[in-house]
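Descriptive structure summary
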Amino acid sequence: MQTPAVDIEGVTHRYGGHVALRDVSLQVPPGMLYGLLGPNGSGKTTLFRILATLMPPSEGRAQVFGLDTTQEPDTVRQRLGAVFQAEALDENLTVRENLRFQASLYGLHGADRRNRVDALLTRLNVADRAGQAVSSLSGGLRRRVDLARGLLHRPDLLLLDEPTSGLDPAARRTFWAAARRLQEAEGTTLLLATHLMDEAARCDRVGILSNGALVTDGAPDALKAELGNETLWLDTESPAALSDRVEAQFGVSTQIVGSTVQVAPSDPPAFLSALYEAVGDRIRSATIRTPTLEDVFMVHAGTVPDSDQERVLAQVTGAQDQD
Ligand code: ATP
């Protein structure tokens, strides 16, 4: 069996008395784009700090290509690159100067350095900006330069912590197209931390973190399919009462998420009309829809993700999608 790019086994991490990660286990095969999806404070950055050898976990172990992050931190660091929300670029230097400087820190010199910098500038579509100061670039271009910086030493694993935060949708798309090209061309494993559903939906595999626990993990389509073809979302004033009543009367299992009750009957339209006859007075609104990654998040985490709260609630209550 191939050695996983990332192998995390029973990792718990505490900051003082605060538990940031709870018994997290996950594996990422080499060459994959893996998304860790979770709202702010769910533990994504903590997991990245452990993988980047910046701190040991309180319990459990983390390995990168079979190397233990606590026992072999120097070797692990050679295999890793990182792109975080705050760019690690010098504003006053040009794009090329930034990359040359960073490449020197990684021990690249002469023709090797020139070729590597040129190759990345081209691959990330920033070659025409090579002579410009970083301070004069748009947010999207800077992120791509930062991505190039993280890749200079040909890391086998790249950690991307909310790399597109603050970018507009077009700049985000360009960033991801560039990252995917690199993944294909260089076989780099990409581990992405994000709170954005659409970004997670593009990953080969997604792990959902909620309150420091990995609540589910799988390919986005498989996770959605687990919820059924179509699910029914019922918005109500008293979710617990509605859930009890539906389960007792119809013999189906339900899930409460915020003010909604979720059901996955075999024939949702027929079920909905029967439901309206029986308990219509308790239902404020109802939606039938094909499961989305938001639904997967809500069902497994039992909450609406903070950042998407308004949009998801709008969907749940059947209001117009603002996207
Ligand atoms: P964000 O995107 O906001 O950084 P996150 O999912 O990356 O969120 P973490 O930064 O890993 O989450 O934080 C997980 C939990 O640990 C949070 O409750 C946070 O407040 C807490 N935490 C993070 N760093 C520290 C620290 N150095 N000391 C104490 N608590 C911390």
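What counts and what doesn't
Residues numbered from 1 in each chain as written. Predicted model: local features only at pLDDT ≥ 70, side-chain atom pairs only at ≥ 80, totals over all residues. Heavy atoms only, no water. Helix = DSSP H or I, 4+ residues; strand = E, 2+ residues; numbered from the N terminus. Expected span 1.5 Å × (residues − 1). Buried < 20%, exposed > 50% of the residue type's maximum accessible area, 1.4 Å probe, protein only. Arc of directions from axis to C-beta. Contact = heavy atoms within 4.5 Å. Near = heavy atom within 4 Å. Polar contact = N/O pair within 3.5 Å; in protein donor to acceptor, adjacent residues only side chain to side chain. Areas by Shrake-Rupley, 256 points an atom, 1.4 Å probe, with all protein chains shown as cover. Nonpolar A, V, L, I, M, F, W, Y, C, P; charged D, E, K, R; others polar. Salt bridge = Lys/Arg side-chain N within 4 Å of Asp/Glu carboxyl O. Phe/Tyr/Trp six-rings, centres within 6.5 Å; stacked < 30°, edge-to-face > 60°. Lys NZ or Arg CZ within 6 Å of the ring centre and 35° of its normal. Pairing = 2+ DSSP bridges. Axes fitted to C-alpha atoms, helices over the stretch in contact; angles between N-to-C directions. pLDDT = per-residue confidence, 0-100. Domains from an automatic or database assignment. Buried area = accessible area lost by both parts, 1.4 Å probe.

Structural notes on helix α9 (residues 239–250)
For α9, with 12 residues, the first-to-last C-alpha span of 16 Å sits near the 16 Å given by 1.5 Å per residue. Of all the positions in α9, only Pro239, Leu242, Ser243 and Val246 are classed as buried. Taken end-on, α9 shows its buried residues confined to a sector of 100°, consistent with a single buried face. Of the exposed residues in α9, those oriented more than 90 degrees away from the buried face are Asp244 and Ala248. Next to the buried residues of α9 lie β11 (231–235), β12 (254–257), β13 (260–263) and α10 (268–279).

What to know about the site of the ligand
In the neighbourhood of the ligand, 13 residues make up the surrounding shell, with His18, Gly41, Lys44, Thr45 and Thr46 lying closest. Here an oxygen atom of the ligand and a backbone polar atom of Gly43 are 3.0 Å apart. Between Lys44 and the ligand, the recorded distance is 2.9 Å, taken from a side-chain N or O atom to an oxygen atom. Taken by itself the ligand offers 620 Å² of open surface, and the protein chains cover 62% of this. When contributions to the shell around the ligand are tallied by element, the ones reaching two or more residues are β2 (18–28) and α1 (44–51). In terms of residues, the shell around the ligand owes the most to one element, α1, which gives 4 residues. Its residues assigned to classes, the shell around the ligand shows 3 nonpolar, 7 polar and 3 charged.

With respect to the pattern of salt bridges
Here the structure, examined in full by the defined rule, presents 19 salt bridges. Residue Asp204 is joined to Arg180 by a salt bridge in which the shortest nitrogen-to-oxygen separation is 3.3 Å. Of this pair, Asp204 sits in the loop between α7 (197–201) and β9 (205–210) while Arg180 is found in helix α6 (residues 169–186), placing the two residues 24 residues apart along the sequence. What makes Asp204 partly exposed here is its relative accessible area of 32%. Each of Arg116, Arg123 and Glu186 takes part in a single network of salt bridges with overlapping partners.

So, the packing of aromatic side chains
Using the criterion set out here, one finds 2 aromatic pairs in the structure. Measuring from centroid to centroid gives 5.4 Å for Phe175 and Trp176, while their planes differ by 85°, and the two rings are edge-to-face. A relative accessible area of 0% means that Phe175 is categorised as buried. A residue is classified by how much of its surface remains accessible, and Trp176, at 6% relative accessible area, is buried. One residue, Arg79, lies across the ring of Phe65, its end atom 4.4 Å from the ring centre.

Observations regarding the sheet that holds strand β14 (residues 285–289)
Judged by pairing direction, the sheet is antiparallel, and its 4 strands sit side by side in the order β12-β13-β11-β14 without closing on themselves. Of all strands in the sheet, those with a lone pairing partner are β12 and β14, marking the two edges. Sheet twist, expressed as the average angle between the axes of neighbouring strands with direction ignored, equals 20°. Where β12 lies against β13, 4 bridges are found, and the strand directions are antiparallel. Bridge assignment links Gln255 to a residue of β13, and that residue is Gln262.

Notes on the confidence of the model for the protein chain
Residues with a pLDDT of 70 or more make up 93% of the protein chain, whose mean pLDDT is 88. Across residues 307–323, where pLDDT falls below 50, the model places 26 contacts with residues more than four positions away in sequence or in other chains.

Description of the pairing of strand β8 (residues 189–194)
Within β8, 6 of the 6 residues are buried, which leaves the element mostly enclosed by the surrounding structure. Of the two faces of β8, both are covered, the one formed by Thr189, Leu191 and Ala193 as well as the one formed by Leu190, Leu192 and Thr194. Strand direction decides the pairing type here: strand β3 (residues 33–37) and β8, joined by 5 bridges, are parallel. The residue bridging Gly35 from the neighbouring strand is Leu192, located in β8.

Some details on the sheet that holds strand β4 (residues 59–64)
Across the sheet, which stays open at both edges, the 4 strands sit in the order β2-β1-β4-β5 with antiparallel pairing between neighbours. The sheet terminates laterally at β2 and β5 (67–68), the two strands that pair on one side only. With 2 bridges connecting them, β4 and β5 associate as antiparallel partners. By the bridge assignment, Gln63 is partnered in β5 with Asp68. Along the sheet face, α1 touches β1 (6–15), β2 and β4 and points at about 115° away from the line of β1.

Here's the deal with the domain arrangement of the protein chain
Domain assignment breaks the protein chain into domain 1 (6–218) and domain 2 (223–319). Computed from C-alpha coordinates alone, the two centres of domain 1 and domain 2 are separated by 36 Å. Each partner contributes to the interface: domain 1 provides 15 residues, whereas domain 2 provides 11 residues. Summed over both partners, the interface of domain 1 with domain 2 buries about 1,000 Å², with 76% contributed by carbon and sulfur atoms. Put simply, domain 1 and domain 2 have 0 salt bridges between them. Where domain 1 meets domain 2, there are 0 residue pairs in polar contact (both at pLDDT 80 or more). Sorting the residues of the side of domain 1 that touches domain 2 by element identifies α7, β9 and β10 (213–218) as the ones contributing at least two each. Per-class residue counts for the side of domain 1 that touches domain 2 are 9 nonpolar, 5 polar and 1 charged.

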